[in-house]
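What follows is each chain in one-letter form.
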Amino acid sequence: MFQRPQHPYTRHLLSAEPKGRPPEAAPNAPVVLETDDLKVWFPIKKGMLRRTVDHIKAVDGLSLKLRAGETLGVVGESGSGKTTLGLALLRLVGSNGPIAYCGKRIDALGSTAMRPLRKEMQVVFQDPYGSLSPRLSVGQIIEEGLTIQSPQLGWEERRARVGAALKEVGLDPDHQDRYPHEFSGGQRQRIAIARAMVLEPKFVLLDEPTSALDMSVQAQIVDLLRDLQRHHGLAYLFISHDLKVVRALSNYVVVLKNGKVVEEGPSEQIFKQPREAYTRALLAASFDLAVTDRAAVAT
């Protein structure tokens, strides 16, 4: 079956995986997001007085710089701190360390001051089945952010923008009165992407957006994300454990383990010449390569 598939559909399934490379950001592209020595430590409290005796160091001293039109891939095993990093950069969990968005420090801003920036900093979640409310139509789901961020827009203008967002992600604008259960998993993820894109963001956190999809649909979503990035100059922070998808979408890669950066560098350098044993083990697990230092990685 795997070595000599006979039917064209079988060959299509076996060959379907994300291919190609991400678009290159312009050398003089502005920095959209930057942080230096970022820490997210969760206290461990014990005893009747609930005193802090230690900390879980979910993110421990991470620095990064992300430009417009660029994708930064963040990889690592479960519990390495990937999602916590993304939430900290969006100011959805507390952190220590400077965070600058488009040249402006945002790490000390309160919720009221952050609200105007929310439409420019969007997120696409992992599960397209759980991230869309079954009680709302597709149009209501996508326009929810517009209703909050652009209350001056009338119903007809909001509906037109929702239709344009659906068309941009490859869905029929006339389907905005349907409900999520009427769509496949890949279509639901396109709806989730449209929900983010309708607000015209500059920065998008992609938190494993392809992990719940089959291989052929993964490739389609990666192509869509690259097209949107080229057209809008988006900055992506792409979190994933699937290194094949990371390679197809990321310009620069950061490898996390236990909240710390193990290795970082341009995507092709990480994939062709990884320096650290942990990185080589991740690559071996993803690409079915032979690795001789699994014992060192395990420790």
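In what follows, the structure referred to is the one given above.
Everything in this summary refers to the structure shown in the same document.

Basis of the calculations
Residues numbered from 1 in each chain as written. Predicted model: local features only at pLDDT ≥ 70, side-chain atom pairs only at ≥ 80, totals over all residues. Heavy atoms only, no water. Salt bridge = Lys/Arg side-chain N within 4 Å of Asp/Glu carboxyl O. Buried < 20%, exposed > 50% of the residue type's maximum accessible area, 1.4 Å probe, protein only. Helix = DSSP H or I, 4+ residues; strand = E, 2+ residues; numbered from the N terminus. Pairing = 2+ DSSP bridges. Contact = heavy atoms within 4.5 Å. Axes fitted to C-alpha atoms, helices over the stretch in contact; angles between N-to-C directions.

### Overview of the pattern of salt bridges
At step 1: The tally for this structure, following the rule as stated, stands at 13 salt bridges.
At step 2: A salt bridge links Lys39 to Asp37; the shortest N-O distance between them is 2.9 Å.
At step 3: Assessed through its relative accessible area of 22%, Lys39 is described here as partly exposed.
At step 4: The partner of Arg247 in a salt bridge is Glu268, and the shortest N-O contact between them spans 3.4 Å. Taken together, the positions of Arg247 in helix 8 (residues 243–249) and Glu268 in helix 9 (residues 267–272) put the pair 21 residues apart, joining distant regions of the chain.
At step 5: Note on Glu268: relative accessible area 27%, which makes it partly exposed.
At step 6: Connected through salt bridges with shared partners, the residues Arg21, Arg247, Glu268 and Lys272 form a single ionic network.

### A look at the sheet that holds strand 2 (residues 51–67)
At step 1: Overall, antiparallel pairing links the four strands, which are arranged 2-1-4-5 in an open sheet. With one partner strand each, in any of the chains shown, strand 2 and strand 5 (104–105) form the two edges of the open sheet.
At step 2: In the sheet, strand 1 (residues 31–46) pairs with strand 2 via 13 bridges, with the strands oriented antiparallel. Note on strand 2: the bridge partner recorded for Lys45 is Thr52.
At step 3: Sheet contacts for helix 2 (residues 82–89): strand 1, strand 2 and strand 4 (99–101); angle to strand 1, the most-contacted strand, approximately 115 degrees.

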